[in-house]
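# Structural overview
In case you want the letters, here they are:
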Amino acid sequence: MLEAFLSGLWQVLAWPAFGYLLLGIAIGFWVGLLPGIGGLATLALLLPFSYNIKSPVAAFCFLLGMLAVTGTTGDLTSILFGIPGEGSSAALILDGYPMSKKGEAGRALGAAIMSSAIGAVIGALSLALSIPIMRPLVLLFGSPELFIITIMGITFIGTLAGSSLIKGLLAGGIGLMLAAIGVDPQTGALRYTLGALYLWDGLDITPVAVGLFAIPEIVDLAVRGTSISNVPRGKLSGVMEGVKDTFRHFWLVMRCSLIGVYFGVLPVLGANVAQWISYAHAVNGLKDRSRAGKGAVEGVLGPGAANNSTRGGDLIPTLAFGIPGSGSMALLIGALLIVGLQPGPEMLKTRLDVTFAMVWILIIANLIVAALCFLVLNQLAALTFIRGSLLIPFLLFLVFIGSFTANNNLYDLLVTLIFGFLGYFMVLYGWPRPPLILGLILGKMGENYLWISTQAYGAKWLLFPSVIILILITIAVIAYPTIKEKRGKARYERPEDAI
Amino acid sequence: MAQRLRGLRIGWLLFLSLYLFIPVQSVFAQAPFYQGKTITIVVATKAGDLYDLYPRLLAEYLPKYIPGSPNIIIQNMPGAGSLIAANYVYNVSKPDGLTLGAIYPTLYFEQLAKKDEAKFDWTKFNWIGSTIRSNNLLYMRSDTPFKTMDDVRKAATPPKCGGTGVSSTGYYMPKLFEETLGTKFDIVSGYQAGADVDLAVERGEVQCRAFTITSYFAREPFISWRKRDFVRVLIQTGAKRDERLKDAPTIYELMNRYKTSESGRRLATVVLSGGDFGRPIVMPPGVPADRVKILRDAFTKSIQDKDLLKEAQKRNLEIDPGSGDELQSLAKEVVAQPPDIVQRMQKLLGQ
């Protein structure tokens with residue numbers, strides 16, 4: 001085992017594998033930074049180039065190296081401009097962009113990069129540690145359990161609601177309703193498609209998220225007529241401050257990394273969901289809840305760690321069964337086949353070193369990109385001090401390119417505009433936007449898993465021990481903040497009583 | 001003398017004009033239509049999907065066999081189960097021979113079911129060819145009591161088969177077996193992707209799945225599954241038994257055994273023709289016949305190109321081509337169906 005572990009490392013560091021890794025990182029850096037151009041699509045485009053790389057580890061250095069860093073640099077765009085750089089970076093906008101507005105872009109970036117690096121390492125280590133228990137781990141979660149987990153996710157809507165719970169719940173409900181759009185997979189019925197083929201597959205998350213979050217911010221920037229940052233550069237704006245924040249809230253970062261791993265293991269859910277859950281978790285732990293959404297660094301650290309650690313979790317079902325855990329993993333399997341490797345239980349027996357090489361790629365790629373980012377962060381943060389009128393055309397360009405690449409369809413732009421409009425008024429009248437997105441993401445999954453569970457087990461699944469345990473956990477998650485609040489008050493009151 | 005001189009002069013003139021004439025002729029001779037042009041292949045899936053890999057492979061080799069060697073680019077137009085791409089190619093793209101479509105093979109189901117959203121006539125597409133014919137199989141977990149389709153017929157509680165949606169083979173293949181062989185399956189659909197169904201089978205949530213023979217032999221988890229006898233194949237849908245699946249009966253053998261009615265057989269032919277369309281490449285109606293011919297020839301030649309075959313093997317893409325002519329006549333056959341077949345089709349697709 002140890003031998004394979006070290007052999008994996010040497011293979012990654014050997015030439016030309018390391019060169020391919022650097023190349024992959026260089027590509028991934030830009031792919032992550034630019035909104036819309038996602039890791040998955042880039043992977044598809046790079047795949048043919050990997051056909052000519054003979055060694056499997058070198059091919060993987062190129063592809064996985066690219067994929068591993070997109071999550072990290074995607075966070076930067078979200079923080080700097082309020083535009084999600086990757087679909088899985090949208091949650092960083094909530095507190096990251098307000099930090100930029102407060103002139104703390106450097107701090108937010110430092111926090112995001114450092115937490116991303118830690119998340120990636122935790123994800124990779126979880127992958128390495130779980131190799132012996134991979135199979136039972138993945139088989140633990142069937143459709144009934146996944147259904148309860150989506151319900152658990154939906155309960156976080158309350159947490160994301162911010163100051164007004166009713167508005168939050170209503171926004172979440174609207175998200176759930178929007179999730180119903182499209183062809184129903186069970187009967188083939190068309191729901192709310194308004195005669196447009198575009199709506200058959202339901203609303204794509206990317207144009208909705210870009211419209212909802214980015215457009216109102218751009219309008220706001222235009223109206224304010226200043227730079228993104230409202231205040232001149234201050235002392236607390238430094239990158240190092242963000243790095244220190246990461247270690248100040250070290251256990252939060254660890255917990256959110258594990259949330260990411262967990263959602264990576266679960267089929268279908270992945271980074272898109274993990275970021276919101278860990279954001280909710282991070283915000284839940286704030287002593288002063290009113291700081292949420294106004295530039296709390298915890299809201300950057302949580303999703304920053306989680307959307308990177310999912311990559312490690314993602315690889316677990318792929319390696320345990322040869323069944324891809326996500327779209328990008330399906331492509332990676334294709335790349336392995338070309339070099340003559342069949343990812344799956346057989347490969348774990350015969351080529352354990354390749355598996356460990358993947359662990360090392362995740363770690364090394366993220367450490368390199370973190371170092372690289374620190375070199376340019378202060379310059380990047382300076383962008384938030386540029387006059388808004390110079391930035392806006394560039395930002396609008398990014399927004400529309402970003403949403404158009406989702407399906408290469410002009411309707412993507414229309415959806416972006418509609419949700420931009422909606423988002424603007426939601427901000428204006430104090431309606432929280434995250435519940436809407438979370439409802440949209442989880443609605444469809446929840447419906448499918450409920451249907452599958454009922455078709456496969458009737459009503460019996462409600463009595464599965466695993467389901468009951470998850471329901472109890474869900475209740476605990478809902479009750480926890482209230483309990484904590486009461487306890488906190490009790491402790492606070494006691495000394496007063498004593499006096 | 002003067003006469004002779006004039007004759008000579010005329011001779012020279014003729015001679016010279018001959019020279020002049022030759023280059024003039026070659027200037028006006030038609031350059032190949034495709035020279036300097038760009039052909040777009042509209043692919044009905046996102047980039048990187050298995051459906052997308054075939055056209056991308058073709059795009060590398062087709063230009064070699066088209067006079068004028070044009071550029072070929074891929075445009076991904078995913079959505080609505082390939083209807084967006086098919087409607088676009090049929091109605092919007094210009095019939096100038098510069099747009100090709102790589103669309104799903106079973107879109108004629110939508111036409112037969114008279115769906116308004118299918119804005120094309122399957123027979124009027126110009127069929128260029130198909131890279132692979134794909135027959136299907138149904139696998140069943142070995143630890144279930146279902147060893148043959150006969151067991152499934154007699155079962156008190158039917159086995160559960162997983163699928164993604166009503167237009168997936170995982171859904172309509174078991175339905176077809178029900179209609180033609182009298183078996184009963186409970187179909188659990190709504191999984192995100194085929195891989196999620198396989199995982200559900202591994203977990204025991206469902207026991208069976210119908211999909212293509214090609215994938216069954218190309219990928220994990222099936223390689224491990226076959227090694228540890230985790231599943232067995234109960235039926236296959238080709239006309240003959242596949243070389244690698246000697247023990248599994250074909251649907252035609254079973255239809256003979258169970259004396260399936262004529263209308264049932266017809267239904268089976270219509271549904272299974274999707275496999276013969278394979279992964280088709282089409283052009284819109286109205287493309288000049290000579291350009292259709294150029295592309296059909298180029299397709300036939302490039303699909304036999306040694307380098308292409310080598311590359312396909314490397315990329316794990318099986319090749320079993322169908323010609324444009326074959327597909328053209330097949331398209332006419334499948335769409336001409338009596339009302340009772342159309343009705344059974346609609347029932348099969350859950351409408």
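Reading guide: rules and limits
Residues numbered from 1 in each chain as written. Chains lettered and ligands numbered in written order. Predicted model: local features only at pLDDT ≥ 70, side-chain atom pairs only at ≥ 80, totals over all residues. Helix = DSSP H or I, 4+ residues; strand = E, 2+ residues; numbered from the N terminus. Rg over C-alpha atoms; globule rule 2.2 N^0.38 Å. Contact = placed C-beta atoms within 7 Å. pLDDT = per-residue confidence, 0-100. Pairing = 2+ DSSP bridges. Axes fitted to C-alpha atoms, helices over the stretch in contact; angles between N-to-C directions. Buried ≥ 20, exposed ≤ 12 C-beta atoms within 10 Å, placed from the backbone. Expected span 1.5 Å × (residues − 1). Nonpolar A, V, L, I, M, F, W, Y, C, P; charged D, E, K, R; others polar. Core = buried A, V, L, I, M, F, W, Y, C linked by C-beta atoms within 7 Å. Parallel < 35°, antiparallel > 145°, perpendicular 65-115°, else oblique. Left-handed = near helix turned anticlockwise from the far one by under 90°.

Right, let's get into the overall build of chain A. Check the secondary structure of chain A and you find 21 helices and two strands. Computed over its C-alpha atoms, the radius of gyration of chain A comes to 22 Å, within 12% of the 23 Å expected for a compact globule of 499 residues. The C-alpha extent of chain A, read off along each of the three principal axes, is 65 × 65 × 60 Å. When contacts within chain A are restricted to residue pairs at least 6 apart in sequence, long-range pairs at least 24 apart make up 80% of them.

All names here are of chain B. When pLDDT is averaged along chain B, the result is 86, and 91% of the positions lie at 70 or above. In the model, residues 23-28 has pLDDT below 50 throughout and makes zero contacts with residues more than four positions away in sequence or in other chains. Overall fold confidence (pTM) sits at 0.81, and the ipTM for the predicted complex is 0.79.

To continue, consider the sheet that holds strand β2 (residues 71-76) of chain B. Residues and elements named next belong to chain B. Spatially, six strands are ordered β2-β1-β3-β10-β4-β11 in an open sheet, and the strand pairing comes out mixed. Two strands in the sheet have a free side with no partner beyond their single neighbour: β2 and β11 (322-323). The sheet strands contacting helix α12 (residues 289-302) are β4 (126-130), β10 (280-283) and β11, and the helix crosses β4 at an angle near 5°.

A few words on the environment of A195(B). With respect to the helices, strands and loops of the structure, A195(B) is situated in helix α7 (residues 194-203). Expressed as a C-alpha distance, the spacing of A195(B) and P221(B), which sit 26 residues apart in the sequence, is 9.0 Å. Discounting chain neighbours no more than four positions away, the residues touching A195(B) are I323(A), P324(A) and A330(A).

Here we come to unusual backbone geometry. Cis geometry is adopted by the peptide bond preceding P16(A), which originates at W15(A) and carries an omega value of 5°. You will see that A80(B), though not glycine, has its phi angle at about 50°, which is positive. Within the element layout of this structure, A80(B) appears in the loop between β2 and α3 (83-92). Here the phi dihedral of D229(B) falls at roughly 50°; this positive angle occurs in a residue that is not glycine. The topology assignment puts D229(B) in the loop between α9 (222-227) and β9 (231-236). Using a count of 9 C-beta atoms within 10 Å as the deciding quantity, one classes D229(B) as exposed.

On to the pairing of β10(B), then. Both faces of the sheet carry side chains from a regular strand, because those side chains alternate between them. Residues and elements named next belong to chain B. Side chains of β10 alternate between two faces, with P280 and V282 and I281 and M283 buried alike. For strand β3 (residues 99-102) and β10, the ladder comprises two bridges, and the chain directions are antiparallel. Across the sheet, the residue bridging to A102 is I281, located in β10. Bridge count between β4 and β10: four bridges; the pairing is antiparallel.

In this model helix α6 (residues 105-130) of chain A runs 37 Å from its N-terminal to its C-terminal C-alpha over 26 residues, within 8% of the 38 Å that 1.5 Å per residue would give. The buried count for α6(A) comes to 23 of 26 residues, which makes it a mostly enclosed element.

Let us now look at the interface of chain B and chain A. Listed by partner, the interface residues are 40 residues for chain B and 43 residues for chain A. Of all the elements in the fold, those that place two or more residues in the side of chain B that touches chain A are α3, β7 (186-189), α7 and α9 of chain B. Counting residues per element, the side of chain B that touches chain A draws most heavily on α7(B), at seven residues. Split by residue class, the side of chain B that touches chain A holds 16 nonpolar, 14 polar and 10 charged.

Let's shift gears to the nonpolar core. Counting 253 residues, the largest nonpolar core has C61(A), L63(A), I79(A) and I361(A) as the members making the most contacts within it. Not counting the four nearest positions on each side in its chain, C61(A) is found in contact with V12(A), A17(A), Y20(A), L21(A), G24(A) and I361(A).

With that settled, the discussion passes to the packing of helix α6 (residues 169-181) of chain B against helix α11 (residues 262-277) of chain B. Residues and elements named next belong to chain B. Remark: α6 packs on α11, axes separated minimally by 9 Å, with the N-to-C direction vectors making an angle of 165°. The angle between α6 and α11 falls in the class roughly antiparallel. For the crossing formed where α6 meets α11, the hand is left-handed. Along its contact with α6, which presents Y172, L176, E179 and T180, the element α11 presents G264, L267, A268 and V271. Class assignment for the residues of the contact of α6 with α11 results in five nonpolar, two polar and one charged.

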